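Chain residues, written in single-letter form:
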Amino acid sequence: MAGDSLPFNVQVLRDLARHELVDVLDSVRGKKGLVIDQTVSGPLSLVAEFTLFKEHGVEKVYQMETPRIDTDCKALIYICRPKIHLMKRIAEHIRAHQQGPNPTKIEYSVFFVPRRTMVCERVLEEEGVYGEVTLGEFHLDLVPLDEDVVSMELDNSFRELYLDGDTSSVYYVAKAIMKLQTVFGVIPRIIGKGTCAKLLVDLVLRMRRELSISADESTNSRIFPASSEIDSLIIIDRTVDLVTPMCTQLTYEGLIDEKYGVRSTFVELDPSLIGAPVPAGSSSASPASNKPKKVPLNSGDKLYTQLRDLNFAVVGGLLSQVARRIHEDFEERHQARTVSQLKEFVGKLGNLQAEQQSLRLHTNIAEELTKYTLDQDFNKILEAQQNFVAGILNNIHVDYIEELIDKQAPLMHVLRLLCLYSLVNGGFKAKQFDYFRKELIQTYGYEHVLTLQNLAKTGLFRRQESARNPYSQVRKALRLIVDDVDEHQPNDISYVYSGYAPISVRLVQVACTRSAGEVPKAAAGSAAGTPTNAGAPSVAAGSQAPPSWKGFEEALGLLPGPHFEESQKPPDYAWLGKRKNSMARTGPKVTMVLFLGGCTFTEISAIRFLAQQEDGLRDYVIATTNIINGTTLVEATLGTAAVNSA
Amino acid sequence: MTDGVPADDWNLLHDRFYRKIELYDLAWKDVDLSKFMVSIAPFGGPIAMIRNDKKVLALQSQNVKPIMYIYTSSGRLINQFQWDKGRIVGMGWTNTELLVCVLEYGSVRVYDIHGEFYQFSLGQDAKDYGVYDCHIWESGVVALTGNYKLVVVNDLDEPRPKVLCDPGLNQAPSCWTFIPPHLTLSRHIEVYLSVGSTVLVVDASNVGDQQVQNGPFSRMSVSPNGKVLALFTADGRLWVVSSDFQKELAEFSTGSATPPLQMTWCGTDSVVMHWEDTLLMVGPFGDWIKYSYDGVVSMVPEVDGVRIITSDKCEFLQKVPDACEKVFKIGSTDPGAILYDAFELFEKRSAKADENIRNIKPELADAVDTCIEAAGSEFNEARQKLLLKAGSFGKCFLDSYDVDRFVEVCQVIRVMNALREPDFGIPLTLQQYRRLTPDIIVNRLVNRHHHLLALRLCEYLQIKKDRVMIHWACAKIKKSVEDEETLSRLIVEKLGTDKGVSYAEVAKTAFQSGQSKLATKLLDFEPRAGSQVPLLMSMKEDEHALTKAIESGDTDLVYLAMLHMKRSLPTADFFRIISNKPLACSLFETFCKQQDIKSLKDFYYQDDRKLDIANVTLLESCGLEQEEANIKLELVKSAMKMYQEDRNGAFEAKAIEDQVRLMGTQIQLERDVGHSFMNLSLSETIFKCLLLGHGNRAAKLKSDYKVPDKRFWWLKIKALIKTQNWDGLEKFARSNQRFGFSGIIDSLIKANHISQAQHFLEILIKTGGPEKDAHAERYIALLRPA
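The rules behind the values
Residues numbered from 1 in each chain as written. Chains lettered and ligands numbered in written order. Predicted model: local features only at pLDDT ≥ 70, side-chain atom pairs only at ≥ 80, totals over all residues. Heavy atoms only, no water. Axes fitted to C-alpha atoms, helices over the stretch in contact; angles between N-to-C directions. Helix = DSSP H or I, 4+ residues; strand = E, 2+ residues; numbered from the N terminus. Parallel < 35°, antiparallel > 145°, perpendicular 65-115°, else oblique. Left-handed = near helix turned anticlockwise from the far one by under 90°. Contact = heavy atoms within 4.5 Å. Nonpolar A, V, L, I, M, F, W, Y, C, P; charged D, E, K, R; others polar. Patch = residues over 30% accessible without salt bridge, like charges linked within 9 Å, V, L, I, M, F, W, Y side chains within 5 Å. Areas by Shrake-Rupley, 256 points an atom, 1.4 Å probe, with all protein chains shown as cover. Salt bridge = Lys/Arg side-chain N within 4 Å of Asp/Glu carboxyl O. Lys, Arg positive; Asp, Glu negative; His and termini not counted. Charge placed at Lys NZ, Arg CZ, Asp CG, Glu CD. Core = buried A, V, L, I, M, F, W, Y, C linked by side-chain atoms within 4.5 Å. Buried < 20%, exposed > 50% of the residue type's maximum accessible area, 1.4 Å probe, protein only. Phe/Tyr/Trp six-rings, centres within 6.5 Å; stacked < 30°, edge-to-face > 60°. Lys NZ or Arg CZ within 6 Å of the ring centre and 35° of its normal. Disulfide = S-S within 2.5 Å. Buried area = accessible area lost by both parts, 1.4 Å probe. Pairing = 2+ DSSP bridges.

Colleague: What is the right way to read the packing of helix α9 (residues 438-447) of chain B against helix α11 (residues 466-479) of chain B from this model?
Modeller: When two helices pack together, their arrangement is given by the angle between their axes and by how far apart the axes lie. Residues and elements named next belong to chain B. Relative to each other, α9 and α11 sit at 15°, their axes nearing to 10 Å. In terms of their interaxial angle, α9 and α11 are classed as roughly parallel. As α9 runs across α11, the sense of the crossing is right-handed. Mapping the contact onto sequence places D439, V442, N443, V446 and N447 in α9 and R467, V468 and H471 in α11. Per-class residue counts for the contact of α9 with α11 are three nonpolar, three polar and two charged.

Colleague: What exactly am I supposed to notice about a negative patch on the surface here?
Modeller: A cluster of like negative charges, contributed by E276, D277, D294 and D312 of chain B, occupies part of the molecular surface. Tracing the sequence through the fold places D277 of chain B in the loop between β24 (270-275) and β25 (278-282).

Colleague: Looking at this structure, how should I read the nonpolar core?
Modeller: Nonpolar side chains in soluble globular proteins generally cluster together in the buried interior. Counting residues in hydrophobic clusters, the biggest one holds 272 residues, and the most contacted among them are I79, L200 and I503 of chain A together with I491, L522 and Y643 of chain B. Ignoring sequence-local partners within four residues, the contact set of I79 of chain A consists of L21, V24, L34, V35, I36, D37, V40, L44, F111, V113 and F138 of chain A. Among the nonpolar cores identified, the runner-up in size contains 36 residues, and V673, F741, I744 and L783 of chain B belong to it.

Colleague: What exactly am I supposed to notice about the environment of A351 of chain B here?
Modeller: Residue and element names in this part refer to chain B. Within the secondary structure, A351 is located in the loop between α3 (335-347) and α4 (352-359). Looking at A351, the relative accessible area reads 66%, which means it is exposed. Taking the C-alpha atoms as reference points, A351 and S73, 278 residues apart in sequence, are found 46 Å from one another.

Colleague: Please explain the pattern of salt bridges as it appears in this structure.
Modeller: Side-chain pairs of opposite charge can arise where the charged atoms are in close proximity. Residue and element names in this part refer to chain B. A complete count under the given rule lists 79 salt bridges over all chains for this structure. Close ionic contact of R448 with E97 constitutes a salt bridge, the shortest N to O distance being 3.0 Å. Pair noted here: R448 is in the loop between α9 and α10 (451-461) and E97 is in the loop between β7 (88-93) and β8 (99-103), with a separation of 351 residues, a long-range link. Note on R448: relative accessible area 7%, which makes it buried.

Colleague: In this structure, what is going on with the packing of aromatic side chains? I would like to understand it.
Modeller: Working definition: an aromatic ring pair is given by the centre-to-centre distance plus the angle between the planes. All names here are of chain A. Tallying each qualifying case throughout the model produces 39 aromatic pairs over all chains. Arranged with centres 5.5 Å apart and planes meeting at 55°, the rings of Y495 and F609 form a pair that is tilted. Highlighted residues: Y495 in the loop between α21 (470-477) and α22 (503-513) and F609 in helix α26 (residues 601-613), separated in sequence by 114 residues. Pair check on accessibility: Y495 and F609 agree, each one buried. Each residue in the set F388, Y421, F428, F433, Y435, F436 and F461 is aromatic and connected to the rest through ring pairs, giving one cluster. In this structure, K259 packs its charged tip against the face of Y260, placed 4.9 Å from the ring centre.

Colleague: Explain the state of the cysteines here, please?
Modeller: Linking two cysteines covalently through their sulfur atoms gives a disulfide. All chains considered together, the criterion is met by zero disulfides over all chains. No disulfide involves C120 of chain A; its sulfur sits 7.2 Å from the nearest other cysteine sulfur, which is in C80 of chain A. According to the relative accessible area criterion, C120 of chain A is buried, its value standing at 0%. Left without a disulfide partner, C134 of chain B is nearest to the cysteine sulfur of C101 of chain B, which lies 9.3 Å away.

Colleague: Before we go on, may I ask you to explain the interface of chain A and chain B in this structure?
Modeller: Much of the literature gives interface size as the accessible area that the parts lose upon coming together. Each side of the interface is counted separately: chain A has 63 residues, and chain B has 64 residues. Counting the surface lost from both chain A and chain B, the interface buries some 5,600 Å², and carbon and sulfur atoms represent 51% of this. Linking chain A with chain B are 10 salt bridges. A salt bridge links R29 of chain A to D203 of chain B; its shortest N-O distance comes to 2.6 Å. Looking at the side of chain A that touches chain B element by element, the count peaks at nine residues for helix α19 (residues 430-444) of chain A. Residues that form the side of chain A that touches chain B fall into these classes: 19 nonpolar, 21 polar and 23 charged.

Colleague: Mind showing me how you'd approach the pairing of strand β3 (residues 36-40) of chain B here?
Modeller: Taken residue by residue, a regular strand's side chains alternate between the two faces of the sheet. All names here are of chain B. Sheet topology note: the β3/strand β4 (residues 47-51) ladder contains five bridges and is antiparallel. Its bridge partner lying in β4, I40 is registered against I47. Between β3 and β4, which pair antiparallel one after the other, the connecting turn spans six residues, and F43 there sits at a positive phi close to 55°.

Colleague: Hey, could you run me through the sheet that holds β24 of chain B in this one?
Modeller: Through backbone hydrogen bonds, the strands of a sheet pair up, either in parallel or in antiparallel fashion. Residues and elements named next belong to chain B. Overall, antiparallel pairing links the four strands, which are arranged β23-β24-β25-β26 in an open sheet. Looking at strand neighbours, the two that pair on one side only are β23 (262-266) and β26 (288-292), the edges of this open sheet. When strand polarity is set aside, the average angle formed by the axes of neighbouring strands in this sheet is 20°. Examined bridge by bridge, β25 and β26 share five bridges and lie antiparallel to one another. Considered in β26, the bridge of L279 is made with Y291.

Colleague: Would you mind showing me how to read the pairing of strand β28 (residues 305-309) of chain B here?
Modeller: All names here are of chain B. In terms of burial, β28 is largely enclosed, as five of its five residues are buried. Side chains G305, R307 and I309 project from β28 onto one buried face, and the interleaved V306 and I308 project onto a second face that is buried too. The pairing of strand β27 (residues 298-302) with β28 spans five bridges and is antiparallel. Within the sheet, the bridge partner assigned to P301 lies in β28 and is V306. Pairing geometry for β28 and strand β29 (residues 313-319), over five bridges, is antiparallel. Looking at the pairing, R307 lines up with F316 of β29.

Colleague: Help me understand the packing of helix α15 (residues 529-538) of chain B against helix α16 (residues 542-552) of chain B in this model?
Modeller: Residue and element names in this part refer to chain B. Running from N to C, α15 and α16 point in directions that differ by 160°, and their axes come no closer than 8 Å. Taken together, the axes of α15 and α16 are roughly antiparallel relative to one another. Remark: the crossing between α15 and α16 carries left-handed chirality. Judged by residue contacts, A529, G530, Q532, V533, L536 and M537 of α15 engage D542, H544, A545, K548, A549, E551 and S552 from α16. Here the contact of α15 with α16 is built from residues that sort into six nonpolar, four polar and three charged.

In structure tokens:
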């Protein structure tokens, strides 16, 4: 993985957030209670651990969702998103404290993530508690999920952007990019695709312009560092590629997400899977020990780093290899003859035990996942998906969807398949469309009248309007289907879906390397009269040039939304004089890929694969509004999904 | 003046020199400071004074309203205004040169130097019991109320009075002081109260008794860095301790039982006390210097000394800056002194100059630095010049010297000299200048309407002059008598239209001074969309404000503009304005879904969006609980009507018609069967009927709602397996051959009924046909006993 060589250290963002958090906690003197909005707790756990809270006087942490907070604390600090329903909750809490038989006097502070809004102030005012609370901001935006992934952790961004038409998250992302630029320098090149992506780039450029209005030249260059650590930014709008998330993710990390759901790098597992030795004294059947445990999944676990991006098909083999190696390492102790050899072994022991623990965990998870993948419906669904994306739209598979509905299969499985079919086929024929809608409503309930409208609005599941089917053209132009994919020795990003290359990542690839990853065929090469190794140098040349859509405009035209390429001039460092040149950065180029509306684990894996392919000439950092999969994406469009925006 | 030896008027305090510099002969006449309450702003800031009504003279009638005077440090009147707001308990300056006056009954007024103000209250305790005393620091106020509670306001821009932990006093402390938040470890204010023989330290959550024995104290003063506390005891001793009372630093007996009128710090290592006619400075080792004065003076601590205002002079008392000491100390052998000496010899054309230079050759760069720094620390212009020349002279002998430093100090000296002119009266030292930064100096100048000097300063130091021009334009508008046309031309000429100067502030001023046409005109030049919004709103240019807010991309601004309109405009107009702005509509819809369903329906109704009304109505019905079945049915019915009226809602209308029918059926079923079917879908209803053994009812539902055979079969199998009705299952399988066996076998395997699955596999094999060919082998493998 490219992790260590990254010149660009996302941990800076974590440190920034951590410092600000400390200021937030210290703003109230003495002991206090912390009330956390559930959508903030994920990112918060990525920047601080519980001991930090403790060190700064936090006695207890409360969930904001609880309707009433009974506390001895004289002060409560709320950390929450600026959402209306949360303001009402705060008001509820305060009123509960003030009324009742023995009213308690508590000092309230509310810190909004990432900023305070007038709407919320107004709601607090209307609720009559505005005078009771001290308001502040906690600019927690992009938090590192790993060395090469940063996320806004805005869980609802897809729905807000593409269904509700609420572009607040674009504004927040724009602000975060501005902050990023103040830390890592102005990004000289920004390209992107999609309507909201365009909105975002316009906003970023406007903010920079407006900032330079209010600051004079010397402060302007003080705001932005002299060198740009990020060479380019590629913004991909989720609506450009809705096909990819509908497919079942087939990497190790992707499958874990499909089965268990990964939230802010944590997965909740049954304790038996974790394989922690049961403490001898405790009774084995105590109910507490059966509570799911949170396990972090990140590059801190070396074995996981090896496994996460692999196609699940090869994970088993690798695990047994590792098991053998660890076993051999343990056996070394028998060979230790001298004291110093023994000492050396003991030194390694700690590491070995950690490795063994991690091996146990992943072997257990892999076993569970294997069971999951052997399920008949899983395989039938997978087969249908593979055929759909390859353009084979057989009736067998459509009938199978019908069967799933008849069997009252989980709604999400059904909807994901229906959406995928609709996406690759340019919609359903009117009769079929109405048939499926009726079946869905009769089986899953009338409230899905709303869900179906929402799905149509986002373009996920709709009636065919014209015979034209852009997907089939996109499939050819971007070489989405690769037949001879080798999961063991992948040579193309399509390994993450066993033969289907995600559109989004293919776009990144064509922008950065000017090629869709074709392996030049000897015959084709000589026929055209060019040397057979033409492919390799052109890839290298592509890595040097800034990313561009050049040459692929036609394919882009087939996908929804505009595409754009912008350049930003770095600030003028004339005032710095001679010091200017010494700051130029050497090393690989860094490209940030930003997903607006969320990205999947497989897409992250595919981008990491790209970085490996480019031989250290270009590193990639992934930024996203949140991590999604097909299920969370479709769930967001449910008619009854709580409207928690604004 | 240069003739005198600079060190002549230095005083030695232990091993350090102090000097007192006369900055100005004050321009005011006949001011007796003893009759006034005086507050002086630090950093060479202005002086506010008002007749002290605790010291009313017999001749003056109580009815004469006092006047608040604001002077520069050079004694020139900046502004005066009549005071008619009740007794002032205390006043002080903030770091933005705002004058804070705390009044008897807890209201606080914050004035700019032109007399414009805003006010807030210190809360109920202060209102009920009055304010006993108060202290003011750069950004906040702390007050002791009449019932001896402490109230603090940390941020004057957003005042929220907070009561500190109750010290539980029933009489006033003999004196008190505080450490401001930015100087304490905890970053929260700490208040020191002298109570009995001890000192209490109070913060937001604690009262700590410091277990001190030698109180009560009549004066307390905290050093500028917040680390040391000076206390004056009842028997006339000065006692200096670290502010945590852990370390005793000095003790000094003044021999005066009368407490000093004022006690303050000069830098961080000497304390200055003032009694009428006398100023006594005490150093850390009990050394002291005494200065004589005529009557009462007023002092303000600066970062590097104390500024003293007497009835006719402004003076500055400081520790002699290191660079000056190195150069001018009698007998100094510092390279700086030798360089200065060499330069003087050179001026006298003496060859010894060269010898001097050679002597210090290795340290010449340091010597140059020292001379330059000393130049910056001198107030006398002639001496500044000599020192700079000496530095420049030394520079000639160096191969490489970073000239930036030299240039910088020359620039700063020019700026400081200009500011020190009595007309401006801002006497800054080099250290103060560096602490204050040029940006803030520019702000202070424009606040005093010295726009020209501010502009020159910006040009000279190459900092952005926008805010000077903006401030100038605002001031111009406020004072202007010209017509709007001329004024607008004048302003646009000066501010330019292409340099990105922000016009929002200027336009706002124009609007506030009643020139709305001018305001509109000027606002058009504002380059930032977001900045235009608030003003456009107050100008009632609502639609324009909304357009600009949308342009800015800031959704919160859009909300602001929109909610403002919703309140101030007739609903119809409001809807009309937002209806062609997609972002506004989306945000309004999201907001209403949570806050105001009724408005949302009105909005859709106005626009004839029946489908959307139906959707909202349906959404409402989904949220309802079991007990509200009737309301739920009504809502679904009314949604149905709306769908029926919209020609795009044909499918939805049909689906909801079925739903209404189903809900009726479910109520009937509940009555007949005695089980609730509420909130179940059609399939679930059928399934439940099957489970309960009401096959006929299930079959009726199937035909009523035209449920396809396949779905019905699947439900049936599921129910049969769930109830483990194996005979029924077999009967079903045999009589519905069309359905096949593999579905049944799969379901059985999934439900873990292996032997039954094997049974049906046998039947499948016996029956034969394509289904057997397709699946049998797989099942055999799957069902093989492990």
